[in-house]
Amino acid sequence: DAEITQSPRHKITETGRQVTLACHQTWNHNNMFWYRQDLGHGLRLIHYSYGVQDTNKGEVSDGYSVSRSNTEDLPLTLESAASSQTSVYFCASSTRTSGQDTQYFGPGTRLTVL
Amino acid sequence: GQSLEQPSEVTAVEGAIVQINCTYQTSGFYGLSWYQQHDGGAPTFLSYNALDGLEETGRFSSFLSRSDSYGYLLLQELQMKDSASYFCAVSGATNKLIFGTGTLLAVQP
């Protein structure tokens, strides 16, 4: 069965360190997204990609970067982790069918920056 | 810009019916989606409305009024397992979704 996975599921790091969160999907979807979820803010879009070599900034992209070298993976990098980046991170992939975007979410990564 | 409003919390009893409203402001509107998220879990897709009217999927129904920029999710015959957060999300010409801040539904026995 197709799926979307994230690793690690939990990560504790220190301020200033570089951190990379992995996202891998076997849906063969062109569209992939990274969100962060914090209490009171719902899901906020960090970066997204519509295909290989394509990346775009979302509403909260400062301090984050992504790269898309293949269809299956969209790793999210925190260049220099800050305490404000403590959050739960969700990766999602989607395809548009008849104007409908159904996004399939990974299980999430809980990141703590000390 | 784009924004969505939904109530932060709703409480209902088992077996009852509950309605979660969502109002939105967006340009280039394509459709309104609803996602469910249990505590500690991933959001999962529930329904999508592109046209005005009611879409029914089992115990869940979703309604859209494009002229009013308004939609709602209707949950019938509530069960304890329906306790979760529910998010509305709008989609436009791009393949992105803009999510509301979520409604926490508490189902009481």
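Conventions used here
Residues numbered from 1 in each chain as written. Chains lettered and ligands numbered in written order. Predicted model: local features only at pLDDT ≥ 70, side-chain atom pairs only at ≥ 80, totals over all residues. Heavy atoms only, no water. Core = buried A, V, L, I, M, F, W, Y, C linked by side-chain atoms within 4.5 Å. Buried < 20%, exposed > 50% of the residue type's maximum accessible area, 1.4 Å probe, protein only. Helix = DSSP H or I, 4+ residues; strand = E, 2+ residues; numbered from the N terminus. Contact = heavy atoms within 4.5 Å. Buried area = accessible area lost by both parts, 1.4 Å probe. Salt bridge = Lys/Arg side-chain N within 4 Å of Asp/Glu carboxyl O. Polar contact = N/O pair within 3.5 Å; in protein donor to acceptor, adjacent residues only side chain to side chain. Pairing = 2+ DSSP bridges. Disulfide = S-S within 2.5 Å. Phe/Tyr/Trp six-rings, centres within 6.5 Å; stacked < 30°, edge-to-face > 60°. Axes fitted to C-alpha atoms, helices over the stretch in contact; angles between N-to-C directions.

(A) Representation of the nonpolar core in the model. If you look at the biggest cluster of nonpolar residues, it comprises 23 residues, and the most contacted ones within it are Leu4(B), Leu32(B), Trp34(B), Leu75(B), Tyr86(B) and Leu105(B). When residues of this core are traced back to their parent elements, those giving at least two are β2 (9–13), β3 (18–25), β4 (31–37), β7 (60–65), β8 (70–75), β9 (84–91) and β11 (103–108) of chain B. Setting aside anything within four residues of it in sequence, one finds Leu105(B) in contact with Val10(B), Val18(B), Leu75(B), Leu78(B), Asp82(B), Ser83(B), Ala84(B) and Tyr86(B). Grouped together as the second largest cluster of nonpolar side chains are 18 residues, Ile4(A), Leu21(A), Val66(A) and Cys91(A) included.

(B) Seen up close, the interface of chain B and chain A. Facing 20 residues of chain B, the contacting portion of chain A comprises 22 residues. Considering only the surface of chain B that becomes buried against chain A, Asn95(B), Lys96(B) and Phe99(B) emerge as the three largest contributors, covering 33% of it. At the boundary of chain B with chain A, the tally comes to zero salt bridges. Applying the counting rule to chain B against chain A returns two residue pairs in polar contact (both at pLDDT 80 or more). Of all the secondary structure elements, the ones that give two or more residues to the side of chain B that touches chain A are β4, β5 (44–49), β9 and β10 (97–99) of chain B.

(C) Highlighting the pairing of strand β6 (residues 53–57) of chain B. Residue and element names in this part refer to chain B. Relative to β7, β6 is paired through five bridges, and the arrangement is antiparallel. By the bridge assignment for β7, Glu-55 is matched with Ser-62. Hairpin connection of β6 to β7: two residues between the antiparallel strands, including Gly-58 at a positive phi of 65 degrees.

(D) Examining the state of the cysteines more closely. All names here are of chain B. Scanning all chains against the criterion turns up two disulfides over all chains. Across a sulfur-sulfur distance of 2.1 Å, Cys-22 and Cys-88 are joined as a disulfide pair. Torsion about the S-S bond of the Cys-22 and Cys-88 cystine: about 75 degrees, corresponding to right-handed handedness. Remark: Cys-88 occurs in strand β9 and Cys-22 occurs in strand β3; sequence separation between them is 66 residues. Using a relative accessible area of 0% as the deciding quantity, one classes Cys-88 as buried.

(E) Examining the environment of Tyr64(A) more closely. Residue and element names in this part refer to chain A. Within the secondary structure layout, Tyr-64 lies in strand β7 (residues 64–66). Tyr-64 gets classed as buried once you look at its relative accessible area, which sits at 8%. In the structure, Tyr-64 is positioned 59 residues away from Thr-5 in sequence and 20 Å away in space, judged by C-alpha atoms. At a separation of 2.9 Å, a polar atom in the side chain of Tyr-64 contacts the side chain of Arg-36.

(F) Representation of the environment of Ile4(A) in the model. Residues and elements named next belong to chain A. Mapped onto the elements, Ile-4 comes out in strand β1 (residues 4–7). C-alpha of Ile-4 to C-alpha of Ser-69: the two residues are 65 residues apart in sequence and 17 Å apart in space. Residues within four places of Ile-4 in sequence aside, it is in contact with Cys-23, His-24, Gln-25, Trp-27, Cys-91, Ala-92, Ser-93, Tyr-104, Phe-105, Gly-106 and Pro-107.

(G) Expanded view of the packing of aromatic side chains. Residue and element names in this part refer to chain A. Taken as a whole, this structure holds 16 aromatic pairs over all chains when the rule is applied. Judged by centre distance (6.3 Å) and plane angle (20 degrees), the ring pair of Phe-33 and Tyr-48 falls under stacked. Residue Phe-33 is found in strand β4 (residues 31–38), and its partner Tyr-48 is found in strand β5 (residues 42–51); the two are separated by 15 residues along the sequence. Accessibility expressed as a relative area gives 0% for Phe-33, which makes it buried.

(H) Broad picture of the sheet that holds strand β1 (residues 3–5) of chain B. Residues and elements named next belong to chain B. Taken in spatial order, the five strands of this open sheet run β1-β3-β8-β7-β6, and their pairing is antiparallel. This sheet does not close on itself; its edge strands, each paired only once, are β1 and β6. If you compare each strand with its neighbour and ignore which way they point, the axes differ by 20 degrees on average.

(I) How the structure looks around the sheet that holds β1(A). All names here are of chain A. Spatially, four strands are ordered β1-β3-β8-β7 in an open sheet, and the strand pairing comes out antiparallel. The sheet is open, and its two borders are formed by β1 and β7, each paired with just one other strand. Here the average twist between neighbouring strands, direction ignored, is 20 degrees. Judged from the four bridges that link them, β1 and strand β3 (residues 19–25) form a sheet pairing that is antiparallel. The partner of Gln-6 across the bridge, within β3, is Cys-23.

Everything listed is a geometric property; what it means functionally is a separate question.
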